[in-house]
Amino acid sequence: MQKYAIIDLGSNSARLHIYHIKLDGSYYLLESVKEKVRLSEGMGETDWIQQEPLNRTIQTLKLFTSLISAHKIQAVFPLATAAIRNSKNQREVLEIIKGETGLDFQVLTGEKEAYYDYVGVINTIDESEFVLLDIGGGSTEIVWVENRLSKKAISIPFGSVNLTEKYIKPLGYEAGMKKIEKVLKQELSAISWLKEIKGLPVIGLGGAIRTFAKVDRNLNEFPIYTVHNYRMDDQEVEKAFRIILGFEPKDIDHLPGVGKKRSDIIQGGLMPLKVLFEMLKSKSLIISENGLREGYFYKCLAEKRGLKEVVFPSVLEESLNNHRIRLKINQAHSEDVLQTVTVLFDALKAVGNFDARDFRSLRVAALLHDMGLVIDYDMHHKHGFYMMMHMNLYGLNNRELTAAAYLIGKHRTVEAKLNMPEYDILIENFQTQSFEKYVCLLQIAEQLDRSESGRLKVLAASIVGKKLKILYAAQEDVALELMYAAQSASAFSKQFGLNLEFTK
């Protein structure tokens, strides 16, 4: 068992993440703290960190060290980005911070910051070709990713805080925004490789972009709280920009999704996204809540595992395996359920009008259907639904995630009511004939291993006339499994127009 504390000291915020790697190898985020420090406030043309923001930062870091001490953490990684990286009094500031807090900060280069951003994104969003954009308080990192590999990366010294301070505050909102747009177009036009990647999706991270997504989410009354892997097409992006940039700066904090702590820098802070998105003629924006801190943790995780490669072969498989271990799911039982579901899916796809893309959701539901047991047996299907809708299972988009949650929520009985009206906007799209058919498959598969002993193994299934014949092998009495599976016969017949027959 080991805990890691990662401190990210940026131009606008200081953040602390504490990760826990358990003895069984599973891991999770144990604690997350964020405080606005505005370390780059007042740096201006002098690039000199001022005393007042430094004092604020030190007080915040003392709170962080208190929490780290309470958790008895030995592995502490303080990382500093643009504000300290670009400051002319860097050495003095670092010495003061170390003397006051005991924290010895590693100052990341812009390229290194971009690399950890890439690692945090590529391990948690299942995309292989994209442009990563991280808008911080004092810098913006851009990474071109091809075949899941970082091909080109650059850091430019423009972020939400310094753009606002340098242009909007002295020139006013309209003139300042025009100047920001002109400066950013000149800066990005000088990056030759951006001309090679027209049309790629943009994966955006950083506080300004998360706020951008929250505004759109609230406008759409989208029920999933997290904005990680939240997706917007080009028309939605354009609409959100019209709304956000159309507000008077003094009123922007009245827009749902924009917090008071970021309201004064949000409009200028979004300009790198606007300029890059338009320059690339991108058709989609994907939001990432993960970046530098997560990327650095995955580096630590790879080292602990003795691996040289920090990029997981599969985003979904890594996340699935981690959750299965952490939630103490009966692995043998879930694998048996998956094996049976696969056989049934293949046998029935010709008559079931199945969409092959839905098998990802069905597979996840088979492997995680009992995860609600970690709370209680009673209603564990509903616990599982809620958990799936709120946990970070990486590698699925929101449609796939909701489909898997729906199947888990109904795996005990077709009649199960998911009395969660806030999800109606998502669930109603999945109450189709196909998804009720998938529910049947999952129920039958689970009941055929009702004892969770693996004593009944489904070997094959085929349609013969008006029957689905399921061939199984068993060395023991499996009357229990067959009895419970037969209880799904009526629902199965209703969905497929076939009768069930079990043959040894």
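Please refer to the structure higher up on the page.
Worth saying up front: this structure is predicted, and the values here are computed from it rather than measured. (Residues numbered from 1 in each chain as written. Predicted model: local features only at pLDDT ≥ 70, side-chain atom pairs only at ≥ 80, totals over all residues. Heavy atoms only, no water.)

Colleague: Sorry, what's going on with the pattern of salt bridges here?
Modeller: Think of it this way: side chains of opposite charge can pair up when their charged atoms draw near. Using the criterion set out here, one finds 32 salt bridges in the structure. One salt bridge in this structure joins E146 and K151, with 3.1 Å as the shortest N-O distance. Using a relative accessible area of 44% as the deciding quantity, one classes K151 as partly exposed. Here K185 and E181 are joined by a salt bridge, their closest N and O atoms 3.7 Å apart. Placement of the pair is K185 and E181 together in helix 6 (residues 173-189), with a separation of four residues, close to one helical turn. (Salt bridge = Lys/Arg side-chain N within 4 Å of Asp/Glu carboxyl O. Buried < 20%, exposed > 50% of the residue type's maximum accessible area, 1.4 Å probe, protein only. Helix = DSSP H or I, 4+ residues; strand = E, 2+ residues; numbered from the N terminus.)

Colleague: Looking at this structure, I do not really get helix 14 (residues 359-368). What am I missing?
Modeller: Since the α-helix advances by 3.6 residues per turn, residues separated by three or four positions end up pointing in the same direction. Most of helix 14 sits inside the fold, with eight of its 10 residues counted as buried. Here helix 14 has its buried residues at F359, S361, L362, V364, A365, A366, L367 and L368.

Colleague: Quick question: what am I supposed to make of unusual backbone geometry here?
Modeller: With the exception of glycine, the majority of residues adopt a negative phi angle, and the majority of peptide bonds are in the trans configuration. Phi angles above zero are rare outside glycine, and N147 is one such case at about 55 degrees. Tracing the backbone shows N147 in the loop between strand 7 (140-146) and strand 8 (149-156). We classify N147 as exposed; its relative accessible area is 54%. Positive phi, close to 55 degrees, is recorded for E452, a residue that is not glycine. Mapped onto the fold, E452 is located in the loop between helix 18 (433-447) and strand 12 (456-464).

Colleague: Just to check I follow, could you spell out the environment of I142 for this structure?
Modeller: Relative to the helices and strands, I142 resides in strand 7. Judged by relative accessible area, which is 1%, I142 ranks as buried. The spacing of I142 and I154 is 12 residues in sequence and 5.4 Å in space, taken between C-alpha atoms. The contacts of I142, once residues within four sequence positions are left out, are V131, L132, L133, K152, A153, I154, L188, I191, W193 and L194. (Contact = heavy atoms within 4.5 Å.)

Colleague: Teacher, can you tell me more about the sheet that holds strand 1 (residues 2-9) here?
Modeller: By way of backbone hydrogen bonds, the strands of a sheet pair with one another, either parallel or antiparallel. Read across the sheet, five strands follow the order 3-2-1-4-5 without closing on themselves; strand pairing throughout is mixed. Either end of the sheet is taken by a strand with one partner, and the two such strands are strand 3 (27-36) and strand 5 (106-107). (Pairing = 2+ DSSP bridges.)

Colleague: What should I look at first to understand the nonpolar core in this one?
Modeller: Considering soluble globular proteins, one finds that nonpolar side chains tend to be buried as a cluster. In this structure, L194, F212, L273, L368 and M388 are the most contacted members of the largest nonpolar core, which totals 109 residues. If near-sequence neighbours (up to four positions away) are discounted, F212 is found in contact with M232, V237, A240, F241, I244, L270, L273 and L285. Y27, I125, L132 and F297 belong to the second largest nonpolar core, which has 34 residues in total. (Core = buried A, V, L, I, M, F, W, Y, C linked by side-chain atoms within 4.5 Å.)

Colleague: For this particular structure, what's the right way to read the packing of aromatic side chains?
Modeller: Each aromatic ring pair is described using two quantities: the centre-to-centre distance and the angle formed by the ring planes. Taken as a whole and judged by the stated rule, the model has 20 aromatic pairs. Arranged with centres 6.2 Å apart and planes meeting at 75 degrees, the rings of Y4 and F297 form a pair that is edge-to-face. On the criterion of sequence distance, the pair formed by Y4 in strand 1 and F297 in helix 11 (residues 292-305) is long-range, its members being 293 residues apart. Its relative accessible area of 6% is what places Y4 among the buried residues. (Phe/Tyr/Trp six-rings, centres within 6.5 Å; stacked < 30°, edge-to-face > 60°.)

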